[in-house]
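Inside the fold
Take a look at the letters that make up each chain.
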2 protein chains.
Amino acid sequence: MMDNFDNIELQNKLERVINLLRKYRLVEGLVQMQDSPRQELIESVTQKQNLASLQKLIDTLHPADIAYILESLPLEDRLFLWKFVKVENDGEVLLEVSDAVRETLIADMGSNELVAAAEQLDADEIADIAPNLPDDVIEDVYRALPQEEREQLRAAMSYPEDSVGALMDFDIITIREDVRLEVVLRYLRFLGELPDHTDQLFVVDRNELLQGVLMLNQLLVNDPETMVSNVMTKEGVKFHPHDNAQQATQAFERYDLVSASVVDADGKLLGRVTVNAVIDFIRNKAESEARNLAGLSEQEDLFAPIWKSVRNRWAWLAINLVTAFIASRVIGLFEDSIEKLVALAALMPIVAGVGGNSGNQTITMIVRALALGQVSTENTVKLITKEIGVSLVNGFLWGGIVGLFTFLIYQNASLGLVMALAMILNLLLAALVGVIIPLTRKKLGRDPAIGSSVLITAVTDSGGFFIFLGLATLLLL
Amino acid sequence: MMDNFDNIELQNKLERVINLLRKYRLVEGLVQMQDSPRQELIESVTQKQNLASLQKLIDTLHPADIAYILESLPLEDRLFLWKFVKVENDGEVLLEVSDAVRETLIADMGSNELVAAAEQLDADEIADIAPNLPDDVIEDVYRALPQEEREQLRAAMSYPEDSVGALMDFDIITIREDVRLEVVLRYLRFLGELPDHTDQLFVVDRNELLQGVLMLNQLLVNDPETMVSNVMTKEGVKFHPHDNAQQATQAFERYDLVSASVVDADGKLLGRVTVNAVIDFIRNKAESEARNLAGLSEQEDLFAPIWKSVRNRWAWLAINLVTAFIASRVIGLFEDSIEKLVALAALMPIVAGVGGNSGNQTITMIVRALALGQVSTENTVKLITKEIGVSLVNGFLWGGIVGLFTFLIYQNASLGLVMALAMILNLLLAALVGVIIPLTRKKLGRDPAIGSSVLITAVTDSGGFFIFLGLATLLLL
């Protein structure tokens with residue numbers, strides 16, 4: 001048994017790889033600096049030892065661990081190490097690494113190597129890495145596949161990214177309902193191996209229509225003389241390939257599933273979804289939401305070249321710049337007022353900042369409720385009322401405090417009053433828009449999470465400046 | 001088989017519950033308005049029908065679906081519906097709902113009800129809801145448990161929230177290695193039921209020391225005459241209860257596990273972790289990170305009373321207010337400059353805003369790399385160099401554009417130059433601090449994700465104002 005099996009262990013492996021790489025590079029450097037042939041000989045022996053240790057270490061690693069180490073290394077070291085990975089592991093490693101890192105590895109491989117790597121994978125797995133593969137490689141792989149897997153590959157590549165079809169695999173064992181468990185047990189022994197995550201066998205009729213599932217648990221605890229039809233589960237979770245993937249993963253969470261069947265419109269069994277595909281989906285979704293909040297377009301290789309990182313980040317920076325320019329022009333409208341009372345310039349970011357923070361709180365609440373399907377037409381009004389209530393309480397509370405401080409600093413009671421009033425109004429605006437933006441995006445069929453944060457900040461910035469400077473102009477000047 | 005099994009279906013159930021509730025309330029209102037006893041009689045018949053339909057609907061629902069519906073209802077309806085849930089489902093539902101909603105349900109229950117609900121749960125599940133239960137209820141439950149489960153409950157409650165111990169359950173089937181598979185198969189039939197997520201049996205010696213695991217797959221495909229010792233897996237993932245839960249979930253992802261054993265320091269089997277606990281953990285972690293970014297302290301009941309929501313949100317608003325005040329005082333330092341050149345007031349939020357956006361991009365990258373353990377002392381310098389490079393490219397690019405626009409709007413070349421220079425410097429500051437903040441928090445043993453976003457924004461706001469206004473004062477006035 002592996003002991004202390006965790007990331008710390010994995011980080012040790014990474015450190016060991018890095019140490020071996022460093023040793024190797026160090027000696028390489030020495031060889032290049034010196035001319036003595038004798039010295040060179042000694043070094044080359046050391047080098048061979050270094051490389052042998054590296055090879056030995058890599059050979060013991062799980063493909064997922066190799067993927068982790070490759071992702072953690074700068075490009076040069078990554079490609080150097082990649083050559084040490086056994087050919088039969090190439091496919092699995094390509095499957096495990098992030099899209100960005102996969103691109104760097106594939107760019108370093110020849111067509112033949114790529115075809116060999118892809119051929120080790122199942123049809124659904126090939127479909128996962130296909131977007132990164134050159135067209136000629138895909139064609140070669142496709143031609144080498146047996147008929148059945150060709151169709152699976154074609155099917156798997158045809159489903160949109162956020163559909164159940166994209167999560168589906170074809171590792172299913174089917175049985176008939178009119179046999180005894182004894183027969184099933186013998187059949188499994190005949191197969192000699194079960195696919196990973198097999199917690200149930202699929203019961204189909206002669207037309208491959210799904211009749212139910214036989215849980216392995218039931219197979220194990222019942223008398224072998226029992227008929228499959230007597231112990232199979234007829235009520236169970238089944239998906240269609242075009243169902244929404246996120247909703248499918250929520251069903252996995254709610255009902256604690258390990259696998260679930262996927263059927264077509266006629267009820268014909270197409271494949272299954274397993275919990276490991278679900279976990280990957282949840283993880284990717286969470287990461288893409290975090291990236292989206294921060295304004296990163298896609299997953300970024302930690303050691304991407306600078307120009308690639310710039311490209312990954314420029315879109316959101318550009319949007320941000322545009323909204324900042326708009327806010328700036330709003331301020332520009334009131335330059336006369338600021339010239340007369342320069343304190344306005346120092347105070348206005350407070351109104352905008354707290355409004356943005358509060359709006360983001362509201363939007364996060366609503367986006368989560370929408371993702372869980374908890375917002376009905378019934379309770380929308382209740383939600384808006386609540387958020388407005390919260391914003392009013394916050395407005396009077398924080399507006400009061402800020403107004404008081406303003407009065408103390410500037411010894412100007414009306415300025416304090418304007419500040420308090422602007423805070424209340426901007427928090428109110430933040431609450432309203434914080435509910436309306438995600439609901440509207442949802443209604444338009446868009447993902448309510450994407451860009452909501454940028455939008456609300458744009459509104460609370462420009463709105464906050466306008467409210468505060470406008471009030472000041474009206475009431476103070 | 002349930003067809004169309006997804007959230008849409010679930011939302012239909014929710015709508016049906018809401019419709020029945022509305023019908024009921026409508027009639028209730030009519031009864032209160034009218035005095036005629038005959039009318040009342042008719043209404044009461046209708047009411048009975050309504051309630052019967054409601055009861056029937058609830059009875060068909062999975063506890064997880066009931067939990068979902070309860071979370072989606074305003075407090076009054078939620079508590080009304082809660083009474084219709086069968087006593088034997090109470091425990092499961094309490095386990096499924098969010099902390100905030102659980103509190104509202106528990107507040108509505110008597111001690112006896114709570115004890116009855118808790119007693120339906122396993123020890124590890126009781127530990128999960130224990131923080132929300134009154135002390136006397138926990139004591140009663142504890143006393144009613146058999147000796148073995150008492151110890152399990154005590155153990156489960158003793159582990160910190162982020163440890164493997166908190167994810168662990170005790171539903172393990174143990175076998176000996178010196179028996180034939182035939183004996184194991186008979187033993188399972190004798191048990192009559194296997195715990196959910198049983199994909200392996202745990203092989204222990206007479207001292208309960210873990211010797212290996214027997215995968216159900218192996219049990220099924222091998223000859224029943226084979227000895228357990230010949231087909232069991234000795235190398236496998238095992239955790240200690242005090243291991244970091246997040247690292248354990250990453251191992252589940254990497255190695256596609258369904259369950260894994262938990263052993264103490266001596267190698268004695270304590271329990272197991274299953275993939276459903278892992279999914280819940282990943283989900284909760286992702287949600288708490290999203291909340292943290294938005295400045296929500298904890299999970300909020302969608303229909304929480306206003307004062308409760310205010311409490312949930314005030315801490316981050318207060319922090320935000322303090323940082324906004326500091327930024328405001330930085331501007332205050334330069335009031336003389338702004339008075340002389342009021343365009344500065346309109347331009348300064350651009351410098352601050354784009355810097356904050358860029359800093360958040362950097363921080364998100366680094367936090368993710370830290371969570372995956374990809375940042376070693378080796379590559380820190382490389383990371384900083386890369387981020388500085390990206391920020392310089394972005395700085396010259398966006399700084400140039402902004403500088404040009406500034407020149408065009410204000411017809412002032414020096415102002416455009418100051419603007420460009422300030423953008424470059426603030427983006428540089430954002431990159432530096434964006435790497436340093438999470439790395440420092442990690443080094444101090446804190447969660448690098450928490451509060452990083454607020455901190456970077458504080459730095460790029462105050463820093464941006466200072467850089468821009470300072471440069472303007474030096475170069476323009």
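Please read these numbers as outputs of a predicted model, since none were measured by experiment. (Residues numbered from 1 in each chain as written. Chains lettered and ligands numbered in written order. Predicted model: local features only at pLDDT ≥ 70, side-chain atom pairs only at ≥ 80, totals over all residues.)

Once that is clear, we can look at the overall build of chain A. Summing up its helical and strand segments, chain A has 22 helices and 6 strands in all. Once the C-alpha set of chain A is aligned to its principal axes, its extents read approximately 90 × 80 × 45 Å. Here chain A holds 477 residues, and 45% of them are scored as buried. Contacts in chain A between residues at least 24 apart in sequence constitute 70% of all its contacts with a sequence separation of at least 6. (Helix = DSSP H or I, 4+ residues; strand = E, 2+ residues; numbered from the N terminus. Buried ≥ 20, exposed ≤ 12 C-beta atoms within 10 Å, placed from the backbone. Contact = placed C-beta atoms within 7 Å.)

Before going further, it helps to spend a moment on the environment of A:Ala449. Residue and element names in this part refer to chain A. Looking at the secondary structure, you find Ala 449 in the loop between α21 (413-443) and α22 (452-476). Here the alpha-carbon distance between Ala 449 and Arg 313, two residues 136 residues apart in the chain, equals 18 Å. In contact with Ala 449, other than residues within four places in its own chain, are Glu 289, Asn 292 and Val 367.

Before going further, it helps to spend a moment on α21(A). Each α-helix turn comprises 3.6 residues. Residues three or four places apart therefore point the same way. For α21(A), which comprises 31 residues, the first-to-last C-alpha distance of 45 Å matches the rise-based estimate of 45 Å (1.5 Å per residue) to within 8%. Positive phi appears at A:Gly445, one or two residues downstream of α21(A), with a value of about 80 degrees. (Expected span 1.5 Å × (residues − 1).)

Residues and elements named next belong to chain A. Burial analysis of strand β6 (residues 269-274) places 6 of its 6 residues in the buried class, which makes it a mostly covered element. Pairing geometry for strand β5 (residues 259-263) and β6, over 5 bridges, is antiparallel. In the strand pairing of β6, Ala 260 is matched with Val 273. (Pairing = 2+ DSSP bridges.)

The subject of this paragraph is the relation of the copies chain A and chain B. Relating one copy of the chain to the other requires a rotation about an axis plus a shift along that axis. Least-squares fitting of chain A to chain B yields an RMSD of 0.1 Å, with the superposition described by an axial translation of 0.0 Å and a rotation of 180 degrees. Such values leave the two copies arranged in the relation of a two-fold axis. An overlap of 100% is found between the interface residues of chain A and their copies at the interface of chain B, pointing to a shared contact surface. (Least-squares fit on C-alpha atoms with pLDDT ≥ 70 in both.)

What follows concerns the domain arrangement of chain A. Segmenting chain A into domains produces domain 1 (7-161), domain 2 (174-275) and domain 3 (306-476). When each unit is reduced to the centre of its C-alpha atoms, the spacing between domain 1 of chain A and domain 2 of chain A is 36 Å. (Domains from an automatic or database assignment.)

On the side of chain B, 111 residues touch chain A, which itself brings 110 residues to the contact. In terms of residue count, the dominant contributor to the side of chain A that touches chain B is helix α19 (residues 343-371) of chain A (15 residues). Grouping the constituent residues of the side of chain A that touches chain B by class yields 53 nonpolar, 30 polar and 27 charged. (Nonpolar A, V, L, I, M, F, W, Y, C, P; charged D, E, K, R; others polar.)

Among the residues of helix α15 (residues 245-255) of chain B, those classed as buried are B:Ala245, B:Gln247, B:Ala248, B:Thr249, B:Gln250, B:Ala251 and B:Phe252. Positioned one or two residues after α15(B), B:Asp256 has a phi angle of 50 degrees, which is positive.

Residue and element names in this part refer to chain A. Taken in spatial order, the 3 strands line up as β4-β5-β6 in an open sheet, and their pairing is mixed. Of all strands in the sheet, those bounded by a partner on one side alone are β4 (238-239) and β6. In the sheet, β4 pairs with β5 via 2 bridges, with the strands oriented parallel. Paired with Lys 238 across the two strands is Ser 261, which belongs to β5.

All names here are of chain B. For the pair helix α20 (residues 377-410) and helix α21 (residues 413-443), interaxial distance at closest approach is 7 Å and the crossing angle is 155 degrees. One finds that α20 runs roughly antiparallel with respect to α21. Crossing angle aside, the handedness with which α20 passes α21 is right-handed. A breakdown of the residues in the contact of α20 with α21 according to their chemical character gives 25 nonpolar, 10 polar and 1 charged. (Axes fitted to C-alpha atoms, helices over the stretch in contact; angles between N-to-C directions. Parallel < 35°, antiparallel > 145°, perpendicular 65-115°, else oblique. Left-handed = near helix turned anticlockwise from the far one by under 90°.)

Residue and element names in this part refer to chain B. Counting through the fold element by element, Val 367 comes out in helix α19 (residues 343-371). Taking the C-alpha atoms as reference, Val 367 lies 9.3 Å from Lys 442; in sequence the two are 75 residues apart. Contacts of Val 367, omitting those with residues within four sequence positions, involve Pro 438, Pro 448, Ala 449 and Ser 452.

Next up on the list: the sheet that holds strand β6 (residues 269-274) of chain B. Residues and elements named next belong to chain B. In space, the 3 strands of this open sheet follow the order β4-β5-β6, with mixed pairing throughout. Edge positions in the open sheet fall to β4 (238-239) and β6, since each of these has one partner strand only. Contacts between helix α16 (residues 275-294) and the sheet are confined to β5 (259-263) and β6, with β6 contributing the most and set at about 60 degrees to the helix.

Where helix α20 (residues 377-410) of chain A contacts helix α17 (residues 306-333) of chain B, the two axes come as close as 10 Å, and the packing angle between them is 45 degrees. Judged by the angle between their axes, α20(A) and α17(B) are oblique. As for the relative orientation of α20(A) and α17(B), their crossing is right-handed in sense. Counting all contacts with α20(A), which are made through A:Lys386, A:Gly389, A:Val390, A:Val393, A:Asn394 and A:Trp398, the residues of α17(B) involved are B:Ile306, B:Ser309, B:Val310, B:Leu317 and B:Leu321. Considering only residue class, the contact of α20(A) with α17(B) consists of 7 nonpolar, 3 polar and 1 charged.

Let us now look at the confidence of the model for chain A. Residue and element names in this part refer to chain A. Looking at chain A as a whole, the pLDDT averages 89, with 95% of positions reaching at least 70. Here residues 1-7 scores under 50 on pLDDT; set against residues more than four positions off or in separate chains, the count is 19 contacts. Overall fold confidence (pTM) sits at 0.86, and the ipTM for the predicted complex is 0.85. (pLDDT = per-residue confidence, 0-100.)

Residues and elements named next belong to chain A. The buried fraction of β5 amounts to 5 of the 5 residues, a majority that puts the element mostly inside the structure. Tracing the backbone out of β4, into helix α15 (residues 245-255) and back to the parallel element β5 gives a crossover that is right-handed. Turn length for the β5-β6 hairpin, with the two strands adjacent in sequence and antiparallel, is 5 residues, and the turn residue Gly 267 shows positive phi of about 90 degrees. (Right-handed = clockwise from strand over helix to strand, strands pointing away.)

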